[in-house]
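Understanding the architecture of this molecule
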Amino acid sequence: MSNTTHFNRRARLLHWTMAGMILAMLFIGVAMVTSLVHYDALVALHRPLGIGILILAGLRLVNRWRHPPPELPADLPGWQRQAAHASHILLYGLMLGLPLIGWAMLSAAGYPIGLAGSVVLPLILPRDPTVYAWLRPLHTVLAYAFFGLILAHLGAALLHGLIRRDGVFSSMTRARPSRVH
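Since this is a predicted model, take the numbers as computed values, not measurements.

All right, on to the side chain of serine 35 then. In this structure, serine 35 sits in the loop between helix 1 (9–34) and helix 2 (39–66). The class of serine 35 is buried, set by a relative accessible area of 14%. In terms of polar contacts, serine 35 uses its side chain to reach the backbone amide nitrogen of histidine 38, at 3.0 Å.

Shown next as structure tokens:
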């Protein structure tokens, strides 16, 4: 944690960019399993979007390490501090883990991950139908858990922004207020 009251500009940009990407990814994932007509187009979006999320999550971790987040309010109950800390660990774990599991799952199935044009990622696991059969439901269950965690994160953000009004929400939504001279 740090002395600042706001996340730095890079953290805010990465947060909101990834929020849009992750929500799009979750809805594309749900649509993929329910649509036969648009499946190929949705998969073509889902794969590179997942790799983009993986890369940005890595950048977020580096930024968070170099620029620690603001302190939580001093009057926040201990259990809420612990919940906030645990939820951020889980969010980062899923932002990194879900794309890696997806990549591993597709590797085990022998499916290449095309990003743009002729750029294709290497397989990270050998082809193995048993591993694929294990990773596919794991990817799905973790995606639903991620969605639930995002809803909890959104609920906590709204609690801080609308009810507590303690600066936690505004620390991620706008730049530091200018000082009055």
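Looking now at helix 1. Taking 1.5 Å per residue as the helical rise, helix 1 with its 26 residues ought to reach 38 Å, and the 38 Å between its terminal C-alpha atoms agrees with that figure. For helix 1, the set of buried residues is Ala11, Arg12, Leu14, His15, Met18, Met21, Ile22, Met25, Leu26, Ile28, Gly29 and Met32. Residues of helix 1 that are buried in the fold lie against helix 2, helix 3 (78–109), helix 4 (129–164) and helix 5 (170–173).

Another point: the pattern of salt bridges. Considering all chains together, one arrives at 2 salt bridges under this definition. Among the salt bridges present, the one from aspartate 75 reaches arginine 164, with a minimum N-O distance of 2.7 Å. Of the two residues, aspartate 75 is situated in the loop between helix 2 and helix 3 and arginine 164 in helix 4; the sequence distance between them amounts to 89 residues. What makes aspartate 75 exposed here is its relative accessible area of 58%. Where arginine 164 meets aspartate 166, a salt bridge forms, and the shortest distance between an N and an O atom there is 2.7 Å. Exposure remark for arginine 164: the relative accessible area of 27% places this residue in the partly exposed category. Aspartate 166 sits in the partly exposed class, given a relative accessible area of 23%.

Cut-off values and rules
Residues numbered from 1 in each chain as written. Predicted model: local features only at pLDDT ≥ 70, side-chain atom pairs only at ≥ 80, totals over all residues. Heavy atoms only, no water. Helix = DSSP H or I, 4+ residues; strand = E, 2+ residues; numbered from the N terminus. Buried < 20%, exposed > 50% of the residue type's maximum accessible area, 1.4 Å probe, protein only. Polar contact = N/O pair within 3.5 Å; in protein donor to acceptor, adjacent residues only side chain to side chain. Expected span 1.5 Å × (residues − 1). Contact = heavy atoms within 4.5 Å. Salt bridge = Lys/Arg side-chain N within 4 Å of Asp/Glu carboxyl O.

Geometric descriptors of this kind do not, in isolation, establish any biological role.
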